[in-house]
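Secondary and tertiary structure notes
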Amino acid sequence: MTEQGNGLRAGTGPGRDGEGAAPRVRLRDRDAELRSAETAVDKLCREFAAGGTEIGELLTISGRPGIGKTSLLHEVRRTAKLRDGATVLFARGGEQQVKEPYHVLRQLLQPALTGLEPGEFRQVMGTWEEVVGPAMGLKQPKAGARRLDPQGVRDGLDYVLTQLAPRRAPLVMIVDDLHWSDLESLSWLTQFAVRARELPVLLVFAFREDENDWQSEARQHHGTVLKLATRKHELNRLSLGSVTDIIRAELGDKAEDAFCYEFWTVVNGNPYEAVALLDQVRDQDLDPVEENSVQLRELAVDANGMTLKTWLDRLGASTLRFAWACAMLGTDIRIDLATRISTQSAEGARDSIKQLRKQRVLTQTPNGNLEFVHPLIGSSIYNTMPEATRTGMHGVAAAEIENAGLGLLAASRHLVETFSGEGDDRTVRKLRKAAAEHLLIGAPEAAQRCLHRALNEPPADDIRAEVLYELGCSALLTDPGATVNQLKLALDPDEGPLRPALRVDATFRLSEVLAHSGELREAALVCQREAAEIEDDPAGKLRLQAASFMWHAFRKSEEDGPGRSQRLGELCDSLTGREAADRAVLAMRAWDLTLRGEPTTDALAYADDVLESGRLPKGLGWTDSTWGFELPSMLGLTYTYNDRIAQAERLFADAIIQFEVAGWSGAHRGFAYFLMGLARFRRGLLAEAEDFLRRALRLSERIGPKLPLAWDAVGVLVDTLLARGRVDEAWELANRFGFHPPYHDTAMVLPDAPSLYGKLLVAKKRYAGAAAALTEAGAQLEARGWRNTVWAPWAGHLAIAIAQDEPDRAREYAQKAIRDARTFGTASAIGTALRLHAEIEDGQQAVELLQEAVRYLGQSPAGYEHAVALVELGAALRRVGRLDDAQEYLYQGIELAQHCSAEGLVDQARRELANYGLRPNRLGDFRETLSQPEWDVAKLAARGVPPQRIADELGVQLGLVNRRLAAVYRKAGSGPDGLATALGLPGQPREATRPSDEADDVDGAEE
Ligand SMILES: Nc1ncnc2c1ncn2[C@@H]1O[C@H](COP(=O)(O)OP(=O)(O)OP(=O)(O)O)[C@@H](O)[C@H]1O
Ligand SMILES: [Mg+2]
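Now for a description of the structure that goes with this document. (Residues numbered from 1 in each chain as written. Chains lettered and ligands numbered in written order. Predicted model: local features only at pLDDT ≥ 70, side-chain atom pairs only at ≥ 80, totals over all residues. Heavy atoms only, no water.)

**Here we look at the overall build of the chain**
Helix and strand content of the chain: 49 helices and seven strands. Taken along its principal axes, the extent of the C-alpha atoms in the chain is 115 × 80 × 60 Å. In the chain, buried positions account for 57% of the 1007 residues. Taking contacts inside the chain between residues at least 6 apart in sequence as the whole, the part at least 24 apart equals 69%. Just so you have it, the chain exposes about 41,900 Å², and 49% of that area is on carbon and sulfur atoms. (Helix = DSSP H or I, 4+ residues; strand = E, 2+ residues; numbered from the N terminus. Buried < 20%, exposed > 50% of the residue type's maximum accessible area, 1.4 Å probe, protein only. Contact = heavy atoms within 4.5 Å. Areas by Shrake-Rupley, 256 points an atom, 1.4 Å probe, with all protein chains shown as cover.)

**Re helix H24 (residues 500-516)**
Spacing of three or four residues puts side chains on the same side of an α-helix, whose turn is 3.6 residues. Counted at 1.5 Å a residue, the expected span for H24 with its 17 residues is 24 Å, and the 24 Å between its end C-alpha atoms agrees. Among the 17 residues that make up H24, 13 are buried, leaving the element largely enclosed by the rest of the structure. Positive backbone phi, approximately 95 degrees, marks Gly518, located one or two places after H24. (Expected span 1.5 Å × (residues − 1).)

**A closer look at the side chain of Gln151**
Here Gln151 shows up in helix H6 (residues 150-168). Contacts of Gln151, omitting those with residues within four sequence positions, involve Gln191, Ser665 and Arg702.

**What to know about the sheet that holds strand E4 (residues 201-208)**
One open sheet accounts for five strands, arranged E2-E3-E4-E1-E5; its pairing is parallel. Looking at the sheet topology across the chains shown, the edges are occupied by strand E2 (87-92) and strand E5 (231-234). Taking the axes of each pair of neighbouring strands and ignoring which way they run, one obtains an average angle of 10 degrees across the sheet. As paired strands, strand E1 (residues 57-63) and E4 are joined by seven bridges and run parallel to one another. Considered in E4, the bridge of Leu59 is made with Val204. (Pairing = 2+ DSSP bridges. Axes fitted to C-alpha atoms, helices over the stretch in contact; angles between N-to-C directions.)

**Comments concerning the site of ligand 1**
Taken together, 22 residues lie around ligand 1, and Lys69, Thr70, Ser71, Arg208 and His374 are the ones closest in. At a separation of 2.9 Å, a nitrogen atom of ligand 1 approaches a polar backbone atom of Arg28. In this structure, an oxygen atom belonging to ligand 1 sits 2.7 Å away from a side-chain N or O atom of Arg208. Coverage of ligand 1 by the protein amounts to 91% of the 620 Å² it exposes when considered alone. Within the residue set of the shell around ligand 1, elements represented by two or more residues are helix H2 (69-82), helix H11 (271-283) and helix H17 (375-383). The dominant element in the shell around ligand 1, judged by the number of residues it contributes, is H2, at three residues. In the shell around ligand 1, the residues fall into 10 nonpolar, five polar and seven charged. (Near = heavy atom within 4 Å. Polar contact = N/O pair within 3.5 Å; in protein donor to acceptor, adjacent residues only side chain to side chain. Nonpolar A, V, L, I, M, F, W, Y, C, P; charged D, E, K, R; others polar.)

**Some points on the side chain of Asp752**
Looking at the element boundaries, Asp752 is found in the loop between helix H35 (727-737) and helix H36 (753-763). In this structure, Asp752 is buried with no salt-bridge partner, the nearest side chain bearing the opposite charge being Arg784 at 7.3 Å. A polar contact is formed between the side chain of Asp752 and the side chain of Ser755, at a distance of 2.5 Å. Look past the residues within four positions of Asp752 in its chain and what remains in contact with it is Leu781, Trp791 and Ala792. (Lys, Arg positive; Asp, Glu negative; His and termini not counted. Salt bridge = Lys/Arg side-chain N within 4 Å of Asp/Glu carboxyl O.)

**Side note on the packing of aromatic side chains**
Under the counting rule described, the total for this entry stands at 20 aromatic pairs. Measuring from ring centre to ring centre gives 5.4 Å for Trp591 and Trp791, while their planes differ by 80 degrees; the resulting arrangement is edge-to-face. A residue pair is termed long-range when its members are at least 10 positions apart, and Trp591 in helix H28 (residues 580-596) and Trp791 in the loop between helix H37 (767-784) and helix H38 (794-802) qualify at 200 residues. Per residue, the accessibility class of Trp591 equals that of Trp791, and both read buried. An angle of 65 degrees between the planes, with centres 5.9 Å apart, marks the rings of Phe739 and Tyr743 as edge-to-face. One aromatic cluster in this structure is built from Trp711, Phe737, Phe739, Tyr743 and Tyr757. Stacked on the ring of Trp786, the Lys or Arg Arg784 has its end atom at 3.9 Å from the ring centre. Over the aromatic face of Tyr916 sits the side chain of Arg878, whose NZ or CZ is 3.6 Å from the ring centroid. (Phe/Tyr/Trp six-rings, centres within 6.5 Å; stacked < 30°, edge-to-face > 60°. Lys NZ or Arg CZ within 6 Å of the ring centre and 35° of its normal.)

**Description of helix H29 (residues 600-610)**
Turning to H29, its buried residues number three or more, namely Thr600, Ala603, Leu604, Ala607 and Val610. With its buried residues spanning 110 degrees around the axis, H29 presents them on a single face. Contacts made by the buried residues of H29 are with H28, helix H30 (630-641) and helix H39 (807-824). (Arc of directions from axis to C-beta.)

**Remarks on the pairing of strand E3 (residues 171-176)**
Within E3, six of the six residues are buried, leaving the element largely enclosed by the surrounding structure. Alternating residues of E3 divide into Leu171, Met173 and Val175 and Val172, Ile174 and Asp176, and every residue in both groups is buried. Where E3 meets E4, five bridges bridge the pair, whose relative direction is parallel. Residue Met173 lies in a different strand from E4, and its bridge partner there is Leu203.

The following block contains the structure:
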């Protein structure tokens, strides 16, 4: 990466703003558009001054080439700059830079971002610095950085702009020639156009209207931009009067009406063509009289259809060559580079420039660089290059750009245009390196262009497969289909040999992509087959064996579940070391044991063996590409289901942060949200669970319809909604999504979908359907040997579904669930199984089951399950006439249910109390709600001890004391002054507790 050197800001020098030397022209026939733009700017500034924030707009200016878009934009820009406090950012697309990733956004944002104070810069960047920084050319990717997900870059940019806009508001962002924007910039700009409405930002985009001026991949963005525009202006041709005025301003009043009319029709009211034709008329000294109308047409052909011959005649060979070099560089053309690319002497270049300026081809910008007078001239010159010259000159350009220290990223767009078929190793090396650099700034498409070109070079036989492998990996985050094909090719012996280490990696990657697109069986087999071939690479072999176990485990069903589990157990026992691969196998085994409902202590022992002082070991991190995120996920799931939820949450929080920092915004982040949602759900924090799960679902839907992730999220969301008492909403969500058999074709849904579906049917009182669904679910799970009653609580719910018709069979299932739960052995599993059994029992028997359930659940982190058991125990006690006890459990249940946001359960408990003449609320002695630590601070505070001393005395931090005091005051319904009375304690003189007195109190006497 060092080669990139000072080329980080290539192509975005200070003269890039296109304001260059262009003289201000009087704009004709554009009053309406100018007024509209002025109104938009005024409105933005006014509303912002009045405190408005969600005031953004999108103004578009479109039309044919040369119709006057850029000229109009200049006026808008000038007007905006005159406004007090407004920030104006500008960028333009370039026909030659259309494949240069982030070319437009770098121009647009670099000045604003580099202008920030360091502190402000950090705030604006937030956690996104390592994502947005490299993409925007503000910093080098960190050593050892991973490829960036382009969606992550877009999300990061969203964040950055949301931070930046209010700080620089009102903000006007102007982009000219949007049709030539690189796709990376364009896709963000269109996405941002929606968000800009909620910010003090006016976006102004100018572009050509004709679809053919847009790259095919950009056309959808064209449509979106038009749809989102709040002010849309398609520029019309100039009127006869205006063109006549332009002619007469140049040639004087002698220009005859008939001549002007002919002139106007010839140029069709197009100002660019008018200016060009006028030049010709002047150069040819043509009299502007009616008789010359015919000649006018001939001149127009010359003015427009500039062929190689016309340019040669006009400029001469060596000047034209210099112009070609400039055309190759596009915009913001460095003279030294153009000189070297055209292979001219400094003096020759000076002459060429002089000539080109005289001929109104080039102009100089304030930063000393060159610019085409108009992009149409640049295009015309570029297009006259004979093919061989063009490919050759691109090669020279690539070399010279690198020599100038501008780096491979900048050089690579030329490299890909060079002539292939030479088989030059150096070119291949450079292209591969450029590809790697592109991946680090979140531009996989550009990386792929480099690698495709490298393949065409072609590479030497012995590295061809390696290039294919790199090509496959480059599309990992964006194009699974392409990845599969390229990796299969890389592994195909006919394509040449692949280094053994890479073979293992290519196989693993291939299996990963297959798995992520639901082809889990194929994924497992690919690994199995390759592992069988490996002889002298035990680590590689183990990696692929482990991967095949992993993919089988994620399958919806498998041929020989118990057999696989046994083989995994044997593999596990054979491990001697604690390398990453060994630990990976342990993690799989921990998860396998969990699913099988084997004793929790065994699963946890394996899981704890995977971690290193409670954290993921090196090589098994969330963003680690050797193993992928499935592995830490399995570990986190193991903790979630074995009642060590806090540990799971720590892992999942790391996942969210790490994916964010790495910019992996797609399925990865979505899955991390799902996992966190699941953990929160298991813990009974239902509102938070719902929020995480909805976010996961949204992210999944953004990527594609009905991915496995969406299935996972919907399943747990349904469960969460049921727990919150929103049964109809759960039902509706399940139906809308299609959450019912046969579920996802190939991938297992986490947690067990059939059990969840059956549970939903029970909640809807559709007992027959539930019975059928759960019986089938049970049969399949038994065959697979999976008996975890929390993961798949089919038996307990089946008991409820059939209790009415087949009480004996129901009891058998309920007891089976309890047996399985006891084998597994976690408090939450046993407690829940007992509670479910109680639902089909009456009287004293139900009371006893629920008492035991409450005892177990009280020792588990499963808050919501505990709350349900408390409420049900209360109800059961009421049914056997023990009203006092009933009341106590119901109150406890309500408190816990409130804490869980289980509104339905709160209502149920209140109804239970009210219906039987009990008070629906504790006539609270709030003192019972104080925790011990809260009591400790409360007692001291009531005696007038100031917070700092309380902290010292109790040996805790002041912040914590203050937080506990706040809770005490809230629960007591009283501030410091009434606290002693509220607590029923003797009071003390209180002056010293007021914060303002504290400073004086520091040296005060000890009480
Ligand atoms: N309203 C106008 N009145 C007079 N002259 C104009 C007007 N608009 C543009 N011109 C002149 O026409 C020429 C072309 O205009 P401009 O560059 O703005 O066109 P454009 O639409 O941006 O073209 P392109 O699509 O190629 O970028 C300029 O030289 C400018 O001076
Ligand atoms: Mg223009």
